[in-house]
Amino acid sequence: MRTIKVGMIGLGTVGGGVVRILNEHRKNFLRDQGVDIELVKVASLDVEEAQKLGVGDIFTTDGFDIVNDPEIDIVIEVVGGTGIARKFVFAALEAGKRVVTANKAVMAQDFYELLELSGSKGVELAFETSVGGGIPIIGALRNSLIGNRIESVLGIVNGTTNYMLTQMAEHGSDYDTVLKEAQKLGYAEADPTADVEGHDAAAKIAILTTLAFNTEVVLDQVPTEGITQITPLDIANAKDMGYVIKLLAISHRTPEGIDMRVHPTLLPCSHALASVNGVFNAIFVVGDSVGETMFYGEGAGAGAAASAIVGDLIEVSQRIAYDITRPYIRFGTEQLPLKPMDDVVMSYYLRLPVPDRVGVVAQTATAFADKGVSIERMMQYPAADGSGNAELIFVTHPTREGDLKAVVAEIEKLGMLADEAVLIRML
């Protein structure tokens, strides 16, 4: 049996985890999985880290040294982003090499182009780690659940925001406080925009939607909202109503097409996802035959992500070693339309900071009535900032989102808002 030669581009936290697993378990992989995997070249700009990990003798600063090496069978890309990393992935496939990538941004942006290229070159593209880190959701959708018509995929797919919302719920902390804490602990980047504004989760649901519904979806098509407006008051109100607030990535099959989005959501405490706290992720999948399933685990970190990368690596290596034709991946056969957010129907939580004066509640209620939006309940609290304003909290019956937005626009036009309205959707 010939040795499978591997090159890896990127040597950060995840790349370091891959090096450690391959060093510690190479003999086990040969004995148990029947493949001898050798890491023969590593590319990074961090020479010092390469020395620490003991790969200084196979180190290069140019990723294209790996892409263009004729002896390398598989290229692992753990650089991330859509800049140079995208070039590495495309170049490796063009060179006829199998690719294992953790790059959610590239997969969400170029899914079909990459699959077409890998198919034309007759090589495999493996991307389990691009969604959910160590959670085996890609393999489940491609293999285990392939006998189902998937009806729904929704999940907590960003550990940073889940940690922050958990801390806010458990300790009553405000957004700024928990963000600083998350950054101090290494859960949030110095620039947390991709996480807190929902872009990371949007890339992941784009990939999951493509797989689950056989419909080409790219990142820019995902309606996305983050958690920056969520306050302790919103979380306390949710708790009083029997809900928790989570940043959910959602994709449903509907008669009108795919209802896909990312936003904070009031989730009933009875739902399986409601108890997923801290940095953990979970993805809830509903199939017509299997029913409800949930995949749970650590979504990020060196160990979880490296584990998924090595899992892909072993699977691809086995097909090379035993001359097994790679599974045919067929996507885009349905091409369902995407349902506009304005046409989505659900219940809503709406918080309106308003002046605390006579007539405001009546005018606000009139705006709801004029747009045909039915109110299930209403609460009023004095503003916590001592401004003399009030917080009006409305929970609606199921209503069309476009109609509720028209209500908010009407209230803004009347000049009654003391601050920005906060709208949170309810599952």
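Anything mentioned here points back to the structure above.
Residues numbered from 1 in each chain as written. Predicted model: local features only at pLDDT ≥ 70, side-chain atom pairs only at ≥ 80, totals over all residues. Heavy atoms only, no water.

### As for the overall build of the protein
Next, step 1: Helix and strand counts for the protein come out as 14 helices and 16 strands.
Next, step 2: By the compact-globule yardstick of 22 Å for 427 residues, the protein fits well, its C-alpha radius of gyration being 24 Å.
Next, step 3: When its C-alpha atoms are laid out on the principal axes, the protein stretches across 80 × 45 × 35 Å.
Next, step 4: Considering only residue pairs separated by 6 or more positions, the protein has 72% of its internal contacts joining residues 24 or more positions apart.
Next, step 5: Here the protein displays about 18200 Å² of accessible surface, and carbon together with sulfur accounts for 48% of that area.
Next, step 6: If you average the places of the 35 positive and of the 57 negative side-chain charges in the protein, the two averages end up 4 Å apart. (Helix = DSSP H or I, 4+ residues; strand = E, 2+ residues; numbered from the N terminus. Rg over C-alpha atoms; globule rule 2.2 N^0.38 Å. Contact = heavy atoms within 4.5 Å. Areas by Shrake-Rupley, 256 points an atom, 1.4 Å probe, with all protein chains shown as cover. Lys, Arg positive; Asp, Glu negative; His and termini not counted. Charge placed at Lys NZ, Arg CZ, Asp CG, Glu CD.)

### Structural notes on the side chain of Thr 160
Next, step 1: Inspection of the secondary structure puts Thr 160 in helix H7 (residues 159–171).
Next, step 2: Among the polar contacts listed, one links the side chain of Thr 160 to the backbone oxygen of Tyr 187, at a separation of 2.4 Å.
Next, step 3: What Thr 160 contacts, discounting residues up to four positions off in sequence, is Tyr 187, Ala 188 and Asp 195. (Polar contact = N/O pair within 3.5 Å; in protein donor to acceptor, adjacent residues only side chain to side chain.)

### Considerations on the environment of Ala 126
Next, step 1: Its place among the elements puts Ala 126 in strand E6 (residues 125–126).
Next, step 2: Through-space distance from the C-alpha of Ala 126 to that of Thr 101 is 6.4 Å; in sequence the pair is 25 residues apart.
Next, step 3: Other than its neighbours up to four places away in sequence, Ala 126 contacts Val 99, Val 100, Thr 101, Asp 312 and Val 316.

### A closer look at the nonpolar core
Next, step 1: Counting residues in hydrophobic clusters, the biggest one holds 79 residues, and the most contacted among them are Ile 137, Leu 141, Met 164, Ile 207, Leu 208, Leu 266 and Val 285.
Next, step 2: Broken down by element, the residue count for this core peaks at ten residues, all from helix H10 (residues 199–213).
Next, step 3: Once you skip the residues sitting within four places of it in the chain, Met 164 turns out to touch Tyr 175, Val 178, Leu 179, Ala 182, Val 196 and Ile 227.
Next, step 4: Judged by nonpolar contacts, the second largest core, of 28 residues, contains Ile 4, Val 6, Met 8 and Ile 314. (Core = buried A, V, L, I, M, F, W, Y, C linked by side-chain atoms within 4.5 Å. Buried < 20%, exposed > 50% of the residue type's maximum accessible area, 1.4 Å probe, protein only.)

### A few points about the packing of helix H5 (residues 104–121) against H10
Next, step 1: Interaxial distance between H5 and H10 falls to 8 Å at its minimum, and their mutual angle equals 40°. By the angle between their directions, the pair H5 and H10 is classed as oblique. The crossing of H5 and H10 is left-handed. Judged by residue contacts, Lys 104, Met 107, Ala 108, Phe 111 and Tyr 112 of H5 engage Asp 200, Ala 203, Lys 204, Ala 206, Ile 207, Thr 210 and Leu 211 from H10.
Next, step 2: Per-class residue counts for the contact of H5 with H10 are eight nonpolar, one polar and three charged. (Axes fitted to C-alpha atoms, helices over the stretch in contact; angles between N-to-C directions. Parallel < 35°, antiparallel > 145°, perpendicular 65-115°, else oblique. Left-handed = near helix turned anticlockwise from the far one by under 90°. Nonpolar A, V, L, I, M, F, W, Y, C, P; charged D, E, K, R; others polar.)

### Topic: the packing of aromatic side chains
Next, step 1: Per the stated rule, a full pass over the model turns up six aromatic pairs.
Next, step 2: Linked through ring pairs, Phe 111, Tyr 112 and Phe 127 together constitute an aromatic cluster. (Phe/Tyr/Trp six-rings, centres within 6.5 Å; stacked < 30°, edge-to-face > 60°.)

### Comments concerning a negative patch on the surface
Next, step 1: Together, Asp 385, Glu 412, Asp 419 and Glu 420 line one region of the surface with negative charge.
Next, step 2: The residue Glu 412 is located in helix H14 (residues 401–413) in this model.
Next, step 3: Of the residues examined, Glu 412 reaches a relative accessible area of 47% and is grouped as partly exposed. (Patch = residues over 30% accessible without salt bridge, like charges linked within 9 Å, V, L, I, M, F, W, Y side chains within 5 Å. Salt bridge = Lys/Arg side-chain N within 4 Å of Asp/Glu carboxyl O.)

### Thoughts on helix H4 (residues 84–94)
Next, step 1: The complete set of buried residues in H4 reads Ala 85, Phe 88, Val 89, Phe 90, Ala 92 and Leu 93.
Next, step 2: Elements that come into contact with the buried residues of H4 comprise strand E1 (4–9), helix H3 (64–67), strand E4 (74–77), strand E5 (98–101) and H5.

### Regarding the sheet that holds E1
Next, step 1: Here six strands make up an open sheet; going across it, the order is E3-E2-E1-E4-E5-E6 and the pairing parallel. At either end of the open sheet lies a strand with only one pairing partner, and these are strand E3 (59–60) and E6.
Next, step 2: In this structure, E1 lies alongside E4, joined through four bridges in parallel fashion. Note on E4: the bridge partner recorded for Ile 9 is Glu 77. (Pairing = 2+ DSSP bridges.)

### Description of H10
For an α-helix, the turn length of 3.6 residues means that residues three or four places apart are oriented alike.
Next, step 1: Taking 1.5 Å of rise per residue, the 15 residues of H10 would be expected to cover 21 Å, and the 21 Å separating its terminal C-alpha atoms lies within 8% of that figure.
Next, step 2: Most of H10 is tucked away: 14 of the 15 residues are buried.
Next, step 3: Backbone geometry just after H10 places Asn 214 at a positive phi near 50°. (Expected span 1.5 Å × (residues − 1).)

### Focus: a nonpolar patch on the surface
Next, step 1: On the surface, Met 1, Leu 30, Tyr 322 and Ile 324 cluster together into a nonpolar patch covering about 430 Å² of accessible area.
Next, step 2: Along the chain, Tyr 322 turns up in the loop between helix H12 (302–321) and strand E12 (345–355).
Next, step 3: Judged by relative accessible area, which is 44%, Tyr 322 ranks as partly exposed.

### Comments concerning the pattern of salt bridges
Next, step 1: Under the criterion given, the structure shown has 26 salt bridges.
Next, step 2: Among the salt bridges present, the one from Asp 200 reaches Lys 204, with a minimum N-O distance of 2.9 Å. Highlighted residues: Asp 200 and Lys 204, both in helix H10, separated by four residues, approximately one helical turn.
Next, step 3: A cluster of three or more residues bridged by salt bridges with shared partners is formed by Glu 225, Asp 342, Glu 401, Lys 405 and Arg 425.

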